[in-house]
Amino acid sequence: MKKFTLANFVQKMRDPKQRKFFFAIFGGKMIGLGMCFLIMFAFSLYLASPAKSHAQTTNTTDTSTNAAGAITNATTAITNAVAAATGTNAAPAAPAPPPDPPYVSPINTMWVLVTAFLVFFMQAGFMFLEAGFARERETINVLLEGIVDTCLCGVLFYCWGFAWMFGHGNGWIGWGDGNGHSWYFLQNLPDTYEATGVATLAIFLFQFAFADTCSTITSGAMLGRTGFWGDLWYSIGVSGFLYPIFGHWAWGPDGWLNGLKPAAFHDFAGSTVVHTIGGMIALAGAIVLGPRLGRKFKRDGGGPMPYHNMTVASVGAIILWFGWYGFNPGSTLSAMDIQGIARVAVNTTLAACTGGLGALLFVYPRSKKWDCGATVNGLLAGLVAITCPCYWVSPFGAMMLGFVAGVVVILATDLLEYLRIDDPCGAWPVHGACGVWGTWSLGLFATGQFGASTTTGADNSAGAVVKGLFYGGGFDQFKAQVIGNASIGIGVFIAAMILMYAVKATGTLRISKEGEEEGLDLHEHGGVAYPDTKL
Amino acid sequence: MKKIEAIIKPFKLDEVKQALTEIGVEGMTVTEVKGFGRQKGHTETFRGSEYAVDFIPKIQLGVVVADDLYDSVLETIIKTARTGKIGDGKIFVTELKDVIRIRTGETGVKAL
């Protein structure tokens, strides 16, 4: 082909056929560009439309338009810019009337934001942990999957995830403020979320980080043989549908599990909502995918496939522990409940400590070796288990239930090995099995001294406290925990099996045999994790 | 005694090792190497651009056999390492002058 220079181009244009061809292509591109602008413009009109940005009345749950007003002003600016660019002029949306002063607590909002940043940092921990436990040939795939599922989760949670999970609606799903204004695309958000006194967008960020954690868990069981298209599809399914809907049951303002009698289901920071959901979806994925090529199980004379970088995996676990200091204490949503925050942080720490030691000591007799991988999973198991009961147990209780989690995770790993299910990171043993144990343990270890965090402090009144079996509370709380965990856990497992089979039906779930032998990194990502720069 | 050096695709290593131990081979040496033959290299991508990588990772499997085992070892390696696609590898055979076991000082076939 001739070089593309102005002289060559002008010469080409002398030919009428070439001229027609050029204008056809050029015209098509301009039409395409115009359509893109049109769609952006139309969407910004929808976001700024007056009918959606005015609340009719003020009421106790505060549907004031302050936040919506700010969003309106921003989108008006975009609308005007696009209008100027496309040569038309849309009338700007009318400014919102000044709202009644809502209670916005600066320190509570700051607390939620800072802990949201900590929870987000757990993504780095997950990337390290999973990459370390994977083989070298699929490392880039693991890392990129972690990054992309974070990006997808943010967008999906913005579009409808937050509305479904934290909006008012019915016991099964939410959508808005309960007065006819939907929260899709973060429209019509009140200044503060419910009675927390925390800016709603801060709550959104905090909960996005939680959703991100849940969707990352699933990749741990599915790495090494999942095609990237399949990764994208199931990530959309998890972040966009499974997590917000099943999570609403427990954490939505009108979720049906909040209304259980005589004791309501409690899940402080998400042993059920984040970890059991994540673990069950991971299990469904591992089952539908099948094991990696060449994987022989212990009962057939084989064993787990070797990791490729224990340094990175262990540091990743500690990074996760650090991030958990945002995950659990941040769930008080209140910087004013200082005793609560301190207690939660200490309980979190002690459960991780005994979880790690429990796994280490439990595994030692098998081979007389101090197993680093088992210890890593043990401390994570303790953290997962304490996530539900952290507010309501004593430090001693935290240590006990953490230790049990350290043993449970090893037994759960053995179980998967026996069932010939290939879970490279132990996602189900750590998050699924110990999420279940942690949720149940609230019904046993809750001391009956602690109730709930409020925006101004702790509410430890008689009506609010949670008491478990070992402290004289009877079986009521334990039953509520089992009901809540089982309904969400079993429900999401069935839904996840359907999701995974649906993705499998598109042919994108598992990569080809040649691709898996070549290695995912070369096949899907065009590179290797550790290029040899010398050659 | 013959020294057999087989350059094979890395994921075939477990299969070949298993098959060789089954027919009676008691030791082998494995090295990670890079190379190309007529397969040439492949292209990789980084930040939107492609670049060529000439050398492809392979495994070099070295095994020393007595003459009575020689044919079956060759046959086994060829059968298990073959995929039918380009890049399956090559086998080089050299005649060996002597083999010594360091621990005991045995030489010849007894040292294998």
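### Things to note about the overall build of chain B
A tally of helices and strands in chain B yields 2 helices and 6 strands. Each helix and strand of chain B, placed in order from N terminus to C terminus, yields the pattern β-α-β-β-β-β-α-β. Whereas a compact globule of 112 residues would reach a radius of gyration of roughly 13 Å, chain B reaches 17 Å, over 25% beyond that. The buried share of chain B, reckoned over its 112 residues, is 16%.

### Details of the confidence of the model for chain A
All names here are of chain A. This prediction gives chain A a mean pLDDT of 89; 89% of its residues lie at or above 70. Scored below 50 in pLDDT, residues 52–75 makes 52 contacts in the model with residues more than four places away or belonging to other chains. In this model, residues 84–92 is a region of pLDDT below 50 whose contacts with residues beyond four sequence positions or in other chains number 11 contacts.

### Quick notes on the pairing of strand E5 (residues 56–65) of chain B
All names here are of chain B. As paired elements, strand E1 (residues 2–8) and E5 share 7 bridges and run antiparallel to each other. Its bridge partner lying in E5, Lys 2 is registered against Val 65. Summarising the sheet, strand E2 (residues 29–35) and E5 pair through 7 bridges and their orientation is antiparallel. Looking at E5, one finds that Lys 34 is bridged to Pro 57.

### Focus: the interface of chain A and chain B
Of the residues lining the interface, 5 residues belong to chain A; the matching set on chain B comes to 7 residues. When grouped by side-chain class, the residues that make up the side of chain A that touches chain B number 1 nonpolar, 3 polar and 1 charged.

### Section: helix H10 (residues 310–327) of chain A
All names here are of chain A. Over its 18 residues, H10 extends 25 Å from the first C-alpha to the last, a length consistent with the 26 Å expected when each residue adds 1.5 Å. Taken together, the buried positions of H10 are occupied by Ala 313, Gly 316, Ala 317, Leu 320, Trp 321, Gly 323, Trp 324, Gly 326 and Phe 327. Check the buried side of H10 and you find it contacts helix H5 (106–133), helix H11 (338–367) and helix H12 (372–387).

### With respect to unusual backbone geometry
Residue and element names in this part refer to chain A. Between Lys 261 and the following residue, Pro 262, the backbone shows a cis peptide bond with an omega angle of -5 degrees. Secondary-structure assignment places Pro 262 in the loop between helix H8 (228–251) and helix H9 (271–289). Positive phi values are uncommon outside glycine, yet Lys 368 reaches one of about 60 degrees. Here Lys 368 lies in the loop between H11 and H12.

### Points about the nonpolar core
As a rule of thumb, soluble globular proteins bury nonpolar side chains together. By size, the foremost hydrophobic cluster in this structure holds 129 residues, and its most contacted members are Ile 277, Ala 381, Ala 405, Val 409 and Cys 434 of chain A. Residues within four places of Ala 381 of chain A in sequence aside, it is in contact with Gly 355, Ala 359, Ala 405, Gly 406, Val 408, Val 409, Val 430 and Cys 434 of chain A. One finds Ile 4, Ile 59, Val 65 and Ala 81 of chain B within the second-largest nonpolar core, a separate group that totals 14 residues.

### A few points about the sheet that holds E1 of chain B
Residue and element names in this part refer to chain B. With antiparallel pairing, the 4 strands of this open sheet are ordered in space as E2-E5-E1-E6. Since the sheet does not close on itself, it has two edges, and those belong to E2 and strand E6 (89–95), each with one partner. Sheet twist, expressed as the average angle between the axes of neighbouring strands with direction ignored, equals 20 degrees. The strands touched by helix H1 (residues 13–23) within the sheet are E1, E2 and E5, with E5 carrying the most contacts at an inclination of about 10 degrees.

### Things to note about the packing of H9 of chain A against helix H14 (residues 427–445) of chain A
Residue and element names in this part refer to chain A. One way to put it is that H9 packs onto H14 with a least axis distance of 8 Å and a crossing angle of 140 degrees. By crossing handedness, the relation of H9 to H14 is classed as left-handed. Note on element contacts: H14 touches H9 through Ala 427, Trp 428, His 431, Gly 432, Gly 435, Val 436, Gly 438 and Thr 439, opposite Ser 271, Thr 272, His 275, Thr 276, Gly 278, Gly 279, Met 280, Ala 282 and Leu 283. Of the residues that constitute the contact of H9 with H14, the class distribution is 6 nonpolar, 11 polar and no charged.

What counts, and at which threshold
- Residue numbering note: each chain is counted from 1, following its sequence as written.
- Key to labels: chains lettered from A, ligands numbered from 1, both in the order written.
- A pLDDT threshold of at least 70 governs which residues receive local features in this predicted model, and a stricter bar of 80 or more applies before side-chain atom pairs are shown or counted, although totals over entire chains, interfaces and linings include all residues.
- Each helix is a run of H or I in the DSSP string that is no shorter than four residues. Each strand is a run of E no shorter than two, and both are numbered from the N terminus.
- Radius of gyration here is computed from C-alpha atoms only, and the compact-globule reference equals 2.2 Å multiplied by the residue count raised to the power 0.38.
- Residues with at least 20 neighbouring C-beta atoms inside 10 Å of their own are called buried, those with 12 or fewer are called exposed, and the rest are partly exposed, where every C-beta is derived from the backbone.
- For every residue, the predictor assigns a confidence score, pLDDT, that lies between 0 and 100.
- Two residues qualify as being in contact provided that their C-beta atoms, derived from the backbone, are within 7 Å of each other.
- For two strands to be treated as a pair, DSSP must find at least two bridges joining them.
- Amino acids are sorted into nonpolar (Ala, Val, Leu, Ile, Met, Phe, Trp, Tyr, Cys and Pro), charged (Asp, Glu, Lys and Arg) and polar (every other residue, Gly among them).
- A helix is expected to span 1.5 Å multiplied by its residue count minus one.
- We call a set of buried Ala, Val, Leu, Ile, Met, Phe, Trp, Tyr and Cys residues a nonpolar core when their C-beta atoms link them within 7 Å.
- Inter-axis angles, ranging from 0 to 180 degrees, are taken between N-to-C directions of lines fitted to C-alpha atoms, where helices are fitted over the stretch in contact.
- What makes a crossing left-handed is the near helix being turned counterclockwise from the far one by less than a right angle; a clockwise turn instead makes it right-handed.

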